[in-house]
Every structure is written in structure tokens, then in C-alpha cells.
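Spelled out, the chains give:
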Amino acid sequence: MRKRICVTVAAAAALAAGVVSVAPSDESHAATLFSNGPLITEPTGGTGAIAGQPLSRADSFPLTPTLNGATTGVGATHSLGVAVAENFVVPAWGWDLDSVTVYAFQTSQTTPTVTDVYINLWTSAPYSADSPPPRPEPLPAPLLSTPLHLAAGPGSFVAHRVSGSSTSTVRPIFAYTVSLNGLPNAGVLGPGEYWLEWSMDGATSPSVNVFVPLVSPRTAAYDLNARLYNIPLAGMPLCWFEGREGYQNEANPGRPYALAFELHGTELPEPAAGVMVVAATLLITRRRTRTWPRGS
């Protein structure tokens, strides 16, 4: 159930000053506020064992003049200490976040096997002390010292993740929607740029790895700047860095990409509109509570 935005009488002055006050309720439904991009590239393209099912085809990129590569997904396994992050921008006058939908697949799994989702929020791009330079000073920090730990709930099938010319690879992506009410201020965000961090855990056999699929086609992405908390190169420690598929060296840096997710919630009203709501509510309340003389 969704939190409804309820403007209190005491909030009238704050609304007039451009500050929004909200209180939780469960009487309205969340809308999709933001999508980082699509996943399905061929709605009925599956063949063989997945005939007629949707496909999510990874975009190819050149590795050499004669060889192409494709990234089906990147690791975001919490138990291995890795995570991913993506940015989004909240417009005026803010959002009241309700939930987020993230996507994942696991090797050789054909059912929704993710059990746990971990969420954090940043107000600038994530960096850590060992991030490749240049690094901002001071280093940013997430809003929560410990990420939200949420039950993944039932997963919903989205598409099979494929690469190259395959149309029969059985690699189902599942969507998981979890609540964001545990964020600071119950998920109410003012205008500005934010970064959502997430990781997941699931089945431990045949592999613990949980993969997040890339937005496909990449040309439909909101932005191409996904960040990873992982090991960028052999011998380096875990750190935050920009994800780039096909990276070989500084002379061949590959290309950035985007990771799919959606945010659900409610757009907060403009202050002027909020004041009008308060005034109307006060008038209705006064009419309902007026003492009328008794009739004979």
C-alpha cells in the first residue's frame, strides 16, 4: 500500500515558504516516477524452449577489428561485498518515494531466486578512498551507514537475457520491487541529483553471483554512467569506479553503460497548490464542525 501525502494545518506556513510537510498514509497508489531505461528488445523473439517469450539482447561492441563482445550483466552480490549505483534527478518540488524495482538473473536459475535486496542512497556520485583518480575532496558518503536490508519478495519474469544472435538462451531476468519507506525522511526527497546504490543475494548453488542486466538498447538509457563497487583491475582493492564494458587500458577505455531500475512514488505538490489544499481542507473542516441551533 502507498503512503498518501497529507498536508497538515501546521504545515500551511511551511508550504507557503516552499517547504513541504508530509505524513504517511496507505490510501493512494504509487506511480512510476523514473525509469533508467528499458530491457526488452524483442517482445516475442524467443525460439526453441523459450519460443515466443521476450528477449533482452545485450548491445554488442568491438573488442578487436574482427571480434565483438557483449555484456549481459554486472555483478551486484551483497555477500561478495560488491554493489552497483545509478543516478536520477528529482525535479521541483520533490518526490515521496514508495518503492524501487530492480532486475537480476543468476547463472543456471530458471525461477526467481533472489531473496534479499540491499539499498542505500547518495547525494553525489559514489567514490571511495581507493577509487581511480580524480577523486572529490572530501569523499562523499551514503545517507545510511548501513544499507536497508529488505526481503526481495516474489520476482516477476521480464525477459531472457541474450547476446550475439542467440534467440534460445534460457537466462531469465526477474523484477523485484521493494519498499523505500526505510530511507531517511521516509523516502521524501527534495529536488536535486541522487544516486541509488543496490546489491542482492539469492541462491548459493551453482553460484552465488547475482547479475544486474544493462539497459538495452543502450541508446534508450536515461544516462550512461553506472558506477560499480567492485575490483576494477586485477590486484586492486574493492572500490567505487565507473563501469565500462570492453575496457582494456587507458588507450582502449571501452564505453559506459546504464543499469535498469524504476522508482515509484508520488510527486510532491507545488507550494502554492499545497496552500490551496490546506485552505480548502480548513474550510471543509470548519463547516463540518460548526455548531448548529437545534430545530424545534
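Residues numbered from 1 in each chain as written. Predicted model: local features only at pLDDT ≥ 70, side-chain atom pairs only at ≥ 80, totals over all residues. Heavy atoms only, no water.

Caption draft 1: A look at the overall build of the protein chain. For the protein chain, the count of helices and strands is two helices and 19 strands. Residues classed as buried in the protein chain amount to 42% of the 296 residues present. Taking as baseline every contact in the protein chain between residues at least 6 positions apart, the subset at least 24 positions apart corresponds to 75%. Counting only carbon and sulfur atoms, one obtains 57% of the accessible surface of the protein chain, whose full area is about 14600 Å². (Helix = DSSP H or I, 4+ residues; strand = E, 2+ residues; numbered from the N terminus. Buried < 20%, exposed > 50% of the residue type's maximum accessible area, 1.4 Å probe, protein only. Contact = heavy atoms within 4.5 Å. Areas by Shrake-Rupley, 256 points an atom, 1.4 Å probe, with all protein chains shown as cover.)

Caption draft 2: Region of interest: the layout of surface pockets. Here the largest pocket is characterised by a volume of approximately 630 Å³. Of all elements in the fold, only β5 (73-75), β15 (227-230) and β16 (239-242) reach the threshold of two or more residues within the lining of the largest pocket. Here the residues of the lining of the largest pocket sort into 15 nonpolar, four polar and four charged. (1 Å grid on protein atoms, 1.4 Å probe; cavity = no way out; pocket = protein on both sides within 12 Å on 5 of 7 lines; lining within 4 Å. Points joined across faces, edges and corners; volume = space filled by probe spheres on them. Nonpolar A, V, L, I, M, F, W, Y, C, P; charged D, E, K, R; others polar.)

Caption draft 3: Quick peek at the sheet that holds strand β9 (residues 148-151). Read across the open sheet, the six strands follow the order β9-β8-β13-β6-β15-β16; overall the sheet is antiparallel. Two strands lie at the open edges of the sheet, namely β9 and β16, each paired on one side alone. This sheet shows a mean twist of 30° between the axes of neighbouring strands, independent of strand direction. Relative to strand β13 (residues 192-201), strand β6 (residues 83-90) runs antiparallel, the two being bridged by seven bridges. Within the sheet, the bridge partner assigned to Val90 lies in β13 and is Gly192. (Pairing = 2+ DSSP bridges. Axes fitted to C-alpha atoms, helices over the stretch in contact; angles between N-to-C directions.)

Caption draft 4: Looking closely at the side chain of Ser199. Structurally, the position occupied by Ser199 is in strand β13. A residue is classified by how much of its surface remains accessible, and Ser199, at 4% relative accessible area, is buried. A distance of 3.2 Å separates polar atoms of two side chains, one belonging to Ser199 and the other to His78. Apart from the residues within four sequence positions on either side, Ser199 is in contact with Ala76, His78, Val82, Ala83, Asp116, Val117 and Tyr118. (Polar contact = N/O pair within 3.5 Å; in protein donor to acceptor, adjacent residues only side chain to side chain.)

Caption draft 5: Local environment of the nonpolar core. Counting 41 residues, the largest nonpolar core has Phe88, Ile119 and Trp198 as its most contacted members. Take this core: its biggest share by element is five residues, from strand β7 (residues 95-106). With 11 residues, the next largest nonpolar core counts Ala159, Ile173, Val215 and Ala221 among its residues. (Core = buried A, V, L, I, M, F, W, Y, C linked by side-chain atoms within 4.5 Å.)

Caption draft 6: Local environment of empty space enclosed by the protein. Under the counting rule described, the total for this entry stands at two cavities of 30 Å³ or more. Computed from the structure, the largest cavity encloses a volume of approximately 50 Å³. Forming the walls of the largest cavity are Ala58, Asp59, Thr71, Arg161, Leu214, Val215, Ser216, Arg218, Glu245, Arg255 and Tyr257. When its volume is computed, the second largest cavity comes out at roughly 40 Å³. Ala104, Phe105, Gln106, Gln109, Thr111, Thr113, Val114, Pro172, Phe174 and Tyr176 are the residues that line the second largest cavity.

Caption draft 7: The packing of aromatic side chains, seen in detail. As enumerated under the stated definition, the model contains 10 aromatic pairs in all. Ring centres of Phe88 and Trp95 lie 6.1 Å apart, and the angle between their planes is 5°; on these two criteria the pair is classed as stacked. Its relative accessible area of 3% is what places Trp95 among the buried residues. Aromatic side chains Trp122 and Trp240 sit 5.9 Å apart centroid to centroid with 80° between the ring planes, which places their arrangement in the edge-to-face category. Placement of the pair is Trp122 in strand β8 (residues 116-122) and Trp240 in strand β16, with a sequence separation of 118 residues. The class of Trp240 is buried, set by a relative accessible area of 4%. What links up through ring pairs into an aromatic cluster is the set Phe34, Phe88, Trp95, Tyr194, Trp198, Tyr222 and Phe261. In this structure, Arg227 is placed above the aromatic ring of Tyr127, and the distance from its NZ or CZ to the ring centre is 4.2 Å. (Phe/Tyr/Trp six-rings, centres within 6.5 Å; stacked < 30°, edge-to-face > 60°. Lys NZ or Arg CZ within 6 Å of the ring centre and 35° of its normal.)

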